[in-house]
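Fold and contact review
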Amino acid sequence: MKVNRLKDLQTLVSLCKRRGFVFQSSEIYGGLNSCWDYGPLGSQYKLNVKMAWWKAMTRRSDIVGLDASILMHPQVWKSSGHVDGFSDPLVDCKKCRSRFREDQALKNGVVTCPNCGSTDITEARSFNLMFKTHMGPVEDEGAVVYLRPETAQGIYVNFENVATSARKKIPFGIAQIGKSFRNEITPGNFIFRTREFEQMEMQFFVKPGTDEEWFETWKETRWSYYKTLGVDMDKLRFHQHGENELAHYAKAAFDIEYEFPFGWQELEGIHNRSDFDLTQHQKFSGKKLEYFDEANKERFLPFVVETAAGCDRMALALLCDAYREEVSTLDNGKEDVRVVLGLKPVLAPYKVAVLPLSKKPQLQDLANTLREGLSEEWNVDYDDAASIGKRYRRQDEIGTPLCVTVDFDSLEDNCVTIRHRDSMNQDRIAMDQLKNYIFDQLNTAF
Ligand code: GAP
């Protein structure tokens, strides 16, 4: 048997549409560029991606959660440097009029139009990536608010509230998942770069002087996280930001990059933001944000080590990584391709599928009772359409780790057949042992 990994993004895009993971936004109106909707399977899958991250963060004793609002006081974005500094160099092609980022169109050091290849390009001008809107019924400058371009600022402005209410002592972190918006000049590659996306960010507040050590710790912690999710570690690498790549707030930064079908790209960033953000907010809000260390009777502004991941981007990387085609030759000489999403059970939208072998009422009744019982523990699919072989393949393609088949013998011997996604092995299990068996398999066998 030959195993093919994902070669082109389009294969995954069509699987996502066909199976209900991701649809284009407003598709019946022709779609809205770079916006995507998560379907029945995609919404559950994305929730699983978020829950896995949330657990890894907030089940530690030194990290608590937060859910701040998207709209914030406009001064936040002046203090944070985003009004002045969060922009990309925008250029136009004088020949075909397409518009693109100067830094992404360099060919042998010359800015070259990615659309028509012309090098007749305008001077670069700075394009701020923040979306603006107005608060309240008056659309004047005084009512301008921004859709947040990162979730991090919601954490900084709540630093004092969280530290006091959660009685946290430094070092400690605040984790948050939520939508962010950037008016990207060149979005693309499906859900990789979009204008509306979700971030999973954690800001870890530490004593100045310990920041470099914590930075190393978080680099290692985030690297190992991908191991626990079963990612092929050969497809991950670190990329250190050079002097001219560093964001305006960063003292040091490393990206974890993944090798997508369209090349190596940033998946998540780990940043040493020093005391930049708290200093700025303290200065412009006039509120003291210093931390008082009781033990040493010291007062200081904490440094921040940030881990910043995109939820949609992680969802994409994990799908790319999980996709495989198992190609074998049948007895009749024809080629057979089994498409499998080898997702870790924790990420799979359905953990189990219940499949009655026929539509006969006795089997349906038993299968439905089983489905109800299993649904108390897991997200369970039920499918009684088409041949059992086709139904297994459908579950393989959406990543369901286990299928439970109810057949006529089940009515006599109170046993069902469990079929495993990866090995395709089948076990016969007594129904009263089923839950224990599944618990065990989902925790240990993948
Ligand atoms: N708070 C720091 C920050 O926002 P960033 O490197 O700009 O840092 C963090 O963004 C992560 O958010 C990225 O590594 C990426 O996964 C995700 N991200 C950023 N822009 C995105 C976009 N336009 N579409 C999808 N994900 C994006």
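Notes on the structure follow. (Residues numbered from 1 in each chain as written. Predicted model: local features only at pLDDT ≥ 70, side-chain atom pairs only at ≥ 80, totals over all residues. Heavy atoms only, no water.)

Here's the deal with helix α13 (residues 434-444)
We count it as follows: Note on classification: 1.4 Å probe, protein chains only; a residue is buried when its accessible area is under 20% of the maximum for its type, exposed when over 50%, partly exposed between these limits. Where helices and strands are cited, they refer to DSSP runs of H or I of at least four residues and of E of at least two residues respectively, numbered from the N terminus. In this description, one arc is meant: the one made by directions from the helix axis to the C-beta atoms. Throughout, a residue-residue contact means that at least one pair of heavy atoms, one from each residue, lies within 4.5 Å.
For α13, every residue scored as buried is listed here: L434, Y437, I438, Q441 and L442. Looking straight down α13, one finds that the buried residues subtend no more than 120° of arc, so they occupy a single side. Residues of α13 that are exposed and point more than 90 degrees away from the buried face comprise N436, N443 and T444. Looking at the buried residues of α13, the elements they touch are β22 (352-356), α10 (361-375), β24 (402-406), β25 (415-420) and β26 (426-430).

Observations concerning the state of the cysteines
Which entries qualify depends on this criterion: Disulfides are defined as pairs of cysteine sulfur atoms found within 2.5 Å of each other.
Summed over all chains, the structure comprises 0 disulfides. The structure places no disulfide on C311, whose sulfur is separated from the nearest cysteine sulfur, that of C16, by 14 Å. Looking at the unpaired C415, the closest cysteine sulfur is the one in C403, lying at 18 Å.

Overview of the side chain of E201
What counts here: Under the convention used here, Asp and Glu are negative, Lys and Arg are positive, and both His and the chain ends fall outside the count. For this document, the term salt bridge refers to a Lys or Arg side-chain nitrogen within 4 Å of an Asp or Glu carboxyl oxygen.
Tracing the chain through its elements places E201 in strand β13 (residues 196-206). Among buried Asp, Glu, Lys and Arg side chains, E201 stands out as unpaired, with R273 the closest opposite charge at 5.5 Å. Beyond its immediate stretch of four places on either side in the chain, E201 contacts W53, E150, T151, A152, I155, I174, A175, Q176, E306, T307 and A308.

Some words on the packing of aromatic side chains
Here is the rule: The criterion for an aromatic pair is that two Phe, Tyr or Trp rings (for Trp, the six-membered ring) have centres within 6.5 Å, with stacked assigned to planes under 30 degrees apart, edge-to-face to planes over 60 apart and tilted to the rest. For a ring to carry a charge above it, either NZ of a lysine or CZ of an arginine must fall within 6 Å of the ring centroid while also lying within 35 degrees of the normal to the ring plane.
Here the structure, examined in full by the defined rule, presents 18 aromatic pairs. Consider the rings of Y225 and Y226, whose centres lie 5.8 Å apart with planes at 80°: the pair is edge-to-face. With respect to burial, Y225 and Y226 carry one shared label: buried. Put simply, the rings of Y156, F159, F172 and F205 touch in pairs and so form one group of aromatic residues. In this structure, R419 is placed above the aromatic ring of Y392, and the distance from its NZ or CZ to the ring centre is 4.5 Å.

All quantities given are derived from atomic positions and should not be read as evidence of function.
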